[in-house]
Amino acid sequence: MRGKNNRKIVLASASPRRISLLKEWGLDFEILPSDIDEKTALKKPSYIVKDLSCKKGFDIAGKRPQALIISADTIVFLNGRIVGKPKDKKESEKIIRELNGSIHKVYSGVSIIDNVSGKSSVFYDVALVKMRKLPEARLKELFGKHMDKAGAYAVQDTNDDFVEKIYGDYYTVVGLPYVKLARELKKFGVTISK
């Protein structure tokens, strides 16, 4: 698949959110998810998302030599620790209860690797998310609802009233920071617009 600037673009992610965002922003691309072991020895959230997005990107770059690879990683950071995807409904309940009424950070790291020129760009963005304090009955409706998402919630779910306010780029919380991605892709001759 070629982007509108005649570049062969590959998204190294199976995330439905990232796929729909890139389509919405006018890119034509191939989807080829990386299946690397998402482990890192790094502790700082900004370093973690950059490291993991890089590993995913280079994994796919080896499989698509003529392509421009876009890869990403997103984490939720609450009270000094990373909140990942829930392993089961019980863990989802624990996470939702912790997030209830909280303010936490969401970090999204992105790597762009151009196999043709050999250039690459790695960056991250962070947004602050304020959650509503929901009553018990409403919380129970959220348990196990978003098992595939870090933090067990989905900011883009229009029926989900859990998120009260976002300070920063909304798309960073979804998983692809629009402002920084648009700026960086321009350096590779690719234009996106929303």
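What counts and what doesn't
Residues numbered from 1 in each chain as written. Predicted model: local features only at pLDDT ≥ 70, side-chain atom pairs only at ≥ 80, totals over all residues. Heavy atoms only, no water. 1 Å grid on protein atoms, 1.4 Å probe; cavity = no way out; pocket = protein on both sides within 12 Å on 5 of 7 lines; lining within 4 Å. Points joined across faces, edges and corners; volume = space filled by probe spheres on them. Helix = DSSP H or I, 4+ residues; strand = E, 2+ residues; numbered from the N terminus. Nonpolar A, V, L, I, M, F, W, Y, C, P; charged D, E, K, R; others polar. Contact = heavy atoms within 4.5 Å. Buried < 20%, exposed > 50% of the residue type's maximum accessible area, 1.4 Å probe, protein only. Pairing = 2+ DSSP bridges. Polar contact = N/O pair within 3.5 Å; in protein donor to acceptor, adjacent residues only side chain to side chain. Salt bridge = Lys/Arg side-chain N within 4 Å of Asp/Glu carboxyl O.

Trainee: Looking at this structure, I do not really get the layout of surface pockets. What am I missing?
Mentor: Picture a little ball the size of a water molecule; that probe, rolled over the atoms, points out where space is still empty. If you add up the space inside the largest pocket, you get close to 710 Å³. In this structure, the largest pocket is lined by 34 residues; those nearest its centre are Arg18, Glu38, Asp73, Thr74 and Lys85. For the lining of the largest pocket, the secondary structure elements donating two or more residues are helix 1 (16-24), helix 2 (45-61), strand 3 (68-78) and helix 5 (170-174). Element by element, the count of residues in the lining of the largest pocket is highest for strand 3, at 5 residues. For the lining of the largest pocket, the per-class residue count stands at 17 nonpolar, 8 polar and 9 charged. By volume, the second largest pocket is sized at about 180 Å³. Forming the walls of the second largest pocket are Arg81, Ile82, Val83, Gly84, Lys85, Lys87, Glu91, Lys94, Ile95 and Glu98. Sorting the residues of the lining of the second largest pocket by element identifies strand 4 (81-83) and helix 3 (89-99) as the ones contributing at least two each.

Trainee: Help me understand the environment of Val116, please; the structure alone is not making it clear to me.
Mentor: Within the secondary structure layout, Val116 lies in the loop between strand 5 (103-114) and strand 6 (120-131). A C-alpha to C-alpha distance of 6.9 Å links Val116 and Ala67, two positions 49 residues apart in sequence. In contact with Val116, not counting residues within four places along its chain, are Arg7, Pro65 and Gln66.

Trainee: I tried to follow the pairing of strand 5 on my own but got confused; where do I start?
Mentor: In regular strands, side chains alternate between the two faces of the sheet. Within strand 5, 10 of the 12 residues are buried, leaving the element largely enclosed by the surrounding structure. Here strand 3 pairs with strand 5 via 10 bridges, running antiparallel. Each residue of the ladder has a partner; that of Val76, found in strand 5, is Val106. As paired elements, strand 5 and strand 6 share 11 bridges and run antiparallel to each other. If you follow Lys105 over to strand 6, its bridge partner there is Leu128. Where strand 5 folds back on strand 6, the antiparallel hairpin that results is connected by 5 residues, among which Gly118 adopts a positive phi of roughly 85°.

Trainee: Mind showing me how you'd approach the environment of Lys50 here?
Mentor: The residue Lys50 is located in helix 2 in this model. The class for Lys50 is partly exposed, based on a relative accessible area of 24%. Counting along the chain gives 22 residues from Lys50 to Ala72, while the straight-line C-alpha distance between them is 7.9 Å. Here Lys50 is in contact with Gly109, Ser111, Val122, Phe123 and Tyr124, once residues within four sequence places are set aside.

Trainee: Which parts of the structure should I look at to understand the side chain of Thr74?
Mentor: Looking at the element boundaries, Thr74 is found in strand 3. The class of Thr74 is buried, set by a relative accessible area of 18%. At 2.9 Å, the side chain of Thr74 forms a polar contact with the side chain of Arg18.

Trainee: Would you explain the pattern of salt bridges in this entry?
Mentor: Side-chain pairs of opposite charge can arise whenever the charged atoms involved come near each other. This structure, assessed with the given rule, holds 15 salt bridges. Where Arg97 meets Glu136, a salt bridge forms, and the shortest distance between an N and an O atom there is 2.7 Å. Highlighted residues: Arg97 in helix 3 and Glu136 in helix 4 (residues 136-142), separated in sequence by 39 residues. Residue classification places Arg97 among the partly exposed positions, given a relative accessible area of 36%. A relative accessible area of 35% means that Glu136 is categorised as partly exposed. Here Arg183 and Glu184 are joined by a salt bridge, their closest N and O atoms 3.5 Å apart. Residue Arg183 is classed as partly exposed on the basis of its relative accessible area, which comes to 46%. If you follow the salt bridges from partner to partner, you end up with Glu38, Lys56 and Asp73 in one network.

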